[in-house]
Amino acid sequence: DAGITQSPRHKVTETGTPVTLRCHQTENHRYMYWYRQDPGHGLRLIHYSYGVKDTDKGEVSDGYSVSRSKTEDFLLTLESATSSQTSVYFCAISEPLSAGSGNTIYFGEGSWLTVV
Amino acid sequence: RKEVEQDPGPFNVPEGATVAFNCTYSNSASQSFFWYRQDCRKEPKLLMSVYSSGNEDGRFTAQLNRASQYISLLIRDSKLSDSATYLCVVNGRGGSYIPTFGRGTSLIVHP
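Now for a look at the structure at hand. (Residues numbered from 1 in each chain as written. Chains lettered and ligands numbered in written order. Predicted model: local features only at pLDDT ≥ 70, side-chain atom pairs only at ≥ 80, totals over all residues. Heavy atoms only, no water.)

Attention now goes to the state of the cysteines. Note: disulfide means a covalent bond formed between the sulfur atoms of two cysteine side chains. All names here are of chain B. This model, assessed by the stated rule, comprises 2 disulfides over all chains. Each sulfur in the disulfide pair Cys23 and Cys88 lies 1.9 Å from the other. Across the disulfide from Cys23 to Cys88, rotation about the S-S bond amounts to roughly -70 degrees, and the bridge is consequently left-handed. On the criterion of sequence distance, the pair formed by Cys23 in strand β3 (residues 19–25) and Cys88 in strand β9 (residues 84–91) is long-range, its members being 65 residues apart. (Disulfide = S-S within 2.5 Å. Helix = DSSP H or I, 4+ residues; strand = E, 2+ residues; numbered from the N terminus.)

Put into structure tokens, the structure is as follows:
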């Protein structure tokens, strides 16, 4: 299994509070991703990083920010949590071998967030 | 049209059956393709990559049809343990390493 650790694994928080989810990898992979998964929507990309301090938005980035100060850590922050952000959040990593080549992506075990 | 489309199912089959899933993708520039398996309340895990020539791993066979822009997954001799959601993944669009996931196809194998 890929060395990816997400924390916390489960969290209940109140609307309006800030929340930070952490993803830690031991694989030294360049790319890291944050996805959320909801019934009827599948996996949706929130933000991704292609290197230290290099991040970009995904399709559902509103209300989320990220930071990557070290290769191994990618943080996802909900500045002011809302009930619509109740979801399971997956971190993922990959290391493209070459331009256009296969890019196997590996997932963490997920973080279940409930906003009440 | 979504970039990657899958029939959500569920496909409900008896043990021992052969079942096939298709996945269509919209961007002809896509360069790499995968099937992932996801169990309930677990993370997706790589099942197999999909190569142009087709590839087989035990009871699982994956194929790519670039002309029609779809990939397929065939499962022979279904086991109860094959019950899961199967996700189609496409990437390499325009040199991008950002994968695009289908919403998944649910498979239920019953005794």
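Having put the structure on the table, let's press on.
Right, let's get into the interface of chain B and chain A. On the side of chain A, 25 residues touch chain B, which itself brings 17 residues to the contact. Our count for the contact surface shared by chain B and chain A stands at 0 salt bridges. Element by element, the count of residues in the side of chain B that touches chain A is highest for strand β4 (residues 32–38) of chain B, at 4 residues. Grouping the constituent residues of the side of chain B that touches chain A by class yields 9 nonpolar, 4 polar and 4 charged. (Contact = heavy atoms within 4.5 Å. Salt bridge = Lys/Arg side-chain N within 4 Å of Asp/Glu carboxyl O. Nonpolar A, V, L, I, M, F, W, Y, C, P; charged D, E, K, R; others polar.)

By way of backbone hydrogen bonds, the strands of a sheet pair with one another, either parallel or antiparallel. Residue and element names in this part refer to chain B. Taken together, the 5 strands give an open sheet; going across it, the order is β1-β3-β8-β7-β6, and neighbouring strands pair in antiparallel fashion. Edge strands, defined here as strands with exactly one partner in the open sheet, are β1 (4–6) and β6 (55–57). Averaged over all neighbouring strand pairs, the angle between strand axes comes to 20 degrees, with direction disregarded. (Pairing = 2+ DSSP bridges. Axes fitted to C-alpha atoms, helices over the stretch in contact; angles between N-to-C directions.)

Remember that the coordinates give geometry; whether it matters functionally is a separate question.
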